[in-house]
Amino acid sequence: MKTLIIDDERLARNELRRLLENFPKIQIIGEAANADEALPMIEELEPDLLFLDIQMPGRNGFELLQSIEGKTPEVIFTTAFDEYAIKAFEFNALDYLLKPVELARLSEAIHRVEEEQHIPEGAVSSGTSTKILGENDQVFVKDGEKCWFVKLGKVRLFESMGNYVRLYFDDQKPLVLKSLNALEDRLNPSTFFRANRKHIINLQWIEKIEPWFSGGLLVTLKGGDKIEISRRQAIRFKDLLSL
C-alpha cells in the first residue's frame, strides 16, 4: 500500500515512519512537510494512503485534500488537536489519530485501511458501507454540539428510542438518528446481541445472568444496567454461549 506522510514536524514524521515499520504492507514512498510539497507528490506517485497532519504552515490538511484533482487517496489524520474530529469525518477520513500516536491505535487504523481495500465490488451502495462493525472499530457519534470517536467495544448497550438509538458508554448516553434494526445489521453478532425489541447488548459487558419470567433471562451489565432477554431470544442466547 503506497503511503505518503505529510507533516510539518520532522520528528513526528520520523516517529510515524518508525511505527509503520511494524506493518510490512505499508510502503512509504515519500514525505512532505506541507501542502505545496505534497500536492505534486500525490499527482506523480499516486499513493493509496495519506497520513496527514491538519495544522501546517500555508494550507492545512483539509485545504490540501480540497486541492487534489482526480481520485483522493484514503486518509488517516494525525494531529495533536481533537477539535477537528467532526470536520475530519466530513472528509471521509478512515481514522483520526491523536499525537503522540500509539502503536495499538495505529494498528487499528491500518486494519481499517486493509478492510476498506478488500471490500468486494458492489458492497457499497448509495454512499453507505455495508462493512460489519466489531468491537475494535471506532465510530463517529454526534449528539447536538457534542461529538465522540468511540470504540464500539466500549459501548455496553444500544437502546431504541423511536427513530433514534441511545448509546451507553462510559458515563455518556448520546442519541443517534438510526433505527435499532438498521444498527443490528451493521454490528458483529458474535459481540452484539439483540436482547429484545428495544435493546442490543455487548456480550463482553455481561456481569450476571438470572432466570426471569416466562422463560426469559435478566442480564446485569458492568455498570449496573439490567436488561431483559425475551424468551424467544433467550433460546438463541443460550445456543450462542453454550459449549
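In the annotation of an unreviewed UniProt entry, the protein is listed under the name LytR/AlgR family response regulator transcription factor and assigned to Spirosoma flavum.

As a further point, take the overall build of the protein. A tally of helices and strands in the protein yields seven helices and 17 strands. Out of the 243 residues belonging to the protein, those deemed buried represent 44%. Residue pairs at least 24 apart in sequence account for 47% of intrachain contacts in the protein once pairs closer than 6 positions are excluded. Element-wise, carbon and sulfur atoms account for 49% of the exposed surface of the protein, whose accessible area totals about 13,600 Å². In the protein, which carries 32 positive and 40 negative side-chain charges, the distance between the mean positions of the two groups comes to 9 Å.

Estimated volume of the second largest pocket: approximately 220 Å³. Secondary structure elements with two or more residues in the lining of the second largest pocket: β5 (95-98) and β9 (146-151). A per-class count over the lining of the second largest pocket returns nine nonpolar, one polar and three charged.

Our focus in this paragraph is the environment of L157. Mapping L157 onto the fold places it in strand β10 (residues 155-161). Between the alpha carbons of L157 and F192 there is a distance of 8.8 Å; along the sequence they are 35 residues apart.

Here the focus is the environment of N188. By the secondary structure assignment, N188 is in the loop between α6 (180-186) and β13 (192-194). Overall, N188 belongs to the partly exposed group, its relative accessible area being 26%. Separated by 75 residues in the primary sequence, N188 and V113 place their C-alpha atoms 18 Å from one another. Apart from residues lying up to four places away in sequence, N188 is in contact with I132, L133 and G134.

On to a nonpolar patch on the surface, then. The grouping of M161, Y164 and L177 at the surface amounts to a nonpolar patch, some 310 Å² of accessible area in total. Within the element layout of this structure, L177 appears in strand β12 (residues 175-177). You can call L177 exposed: its relative accessible area is 66%.

Here we come to helix α1 (residues 10-20). Along α1, the positions that sit buried rather than exposed are A12, R13, L16, L19 and L20. End-on view of α1: buried residues confined to an arc of 125°, all on one side of the axis. Exposed side chains of α1 directed beyond 90 degrees from the buried face belong to R10 and L11.

Attention now moves to helix α2 (residues 35-45). Restricting attention to buried positions, one finds in α2 the residues A35, A38, L39, M41 and I42. Against β1 (2-6), β2 (27-32), β3 (49-53) and α3 (61-67) lie the buried residues of α2. Between a side-chain oxygen at the N-terminus of α2 and the backbone nitrogen of D36 the separation is 3.1 Å; the capping residue is N34. Two residues or fewer past α2, E46 is found with a positive phi of approximately 50°.

On to the sheet that holds β12, then. Pairing is antiparallel across the open sheet formed by five strands, whose spatial order is β12-β11-β10-β14-β13. Of all strands in the sheet, those bounded by a partner on one side alone are β12 and β13. Adjacent strand axes in the sheet meet at a mean angle of 20°, parallel and antiparallel pairs treated alike.

Pairing analysis gives six bridges linking strand β8 (residues 138-143) to β9, with the strands arranged antiparallel. Pairing of Q138 across the sheet is with K151, part of β9. Connecting β8 to the next strand, β9, in antiparallel fashion are two residues, including G144 with a positive phi near 65°.

The residue R17 is located in helix α1 in this model. Spatially, the C-alpha atoms of R17 and I5 are 8.0 Å apart, while their sequence positions differ by twelve residues. For R17, the contacting residues outside a window of four places in its chain are I5, I28 and E31.

Reading the values: the criteria
- Residues numbered from 1 in each chain as written.
- Predicted model: local features only at pLDDT ≥ 70, side-chain atom pairs only at ≥ 80, totals over all residues.
- Heavy atoms only, no water.
- Helix = DSSP H or I, 4+ residues; strand = E, 2+ residues; numbered from the N terminus.
- Buried < 20%, exposed > 50% of the residue type's maximum accessible area, 1.4 Å probe, protein only.
- Contact = heavy atoms within 4.5 Å.
- Areas by Shrake-Rupley, 256 points an atom, 1.4 Å probe, with all protein chains shown as cover.
- Lys, Arg positive; Asp, Glu negative; His and termini not counted.
- Charge placed at Lys NZ, Arg CZ, Asp CG, Glu CD.
- 1 Å grid on protein atoms, 1.4 Å probe; cavity = no way out; pocket = protein on both sides within 12 Å on 5 of 7 lines; lining within 4 Å.
- Points joined across faces, edges and corners; volume = space filled by probe spheres on them.
- Nonpolar A, V, L, I, M, F, W, Y, C, P; charged D, E, K, R; others polar.
- Patch = residues over 30% accessible without salt bridge, like charges linked within 9 Å, V, L, I, M, F, W, Y side chains within 5 Å.
- Salt bridge = Lys/Arg side-chain N within 4 Å of Asp/Glu carboxyl O.
- Arc of directions from axis to C-beta.
- Polar contact = N/O pair within 3.5 Å; in protein donor to acceptor, adjacent residues only side chain to side chain.
- Pairing = 2+ DSSP bridges.
- Axes fitted to C-alpha atoms, helices over the stretch in contact; angles between N-to-C directions.

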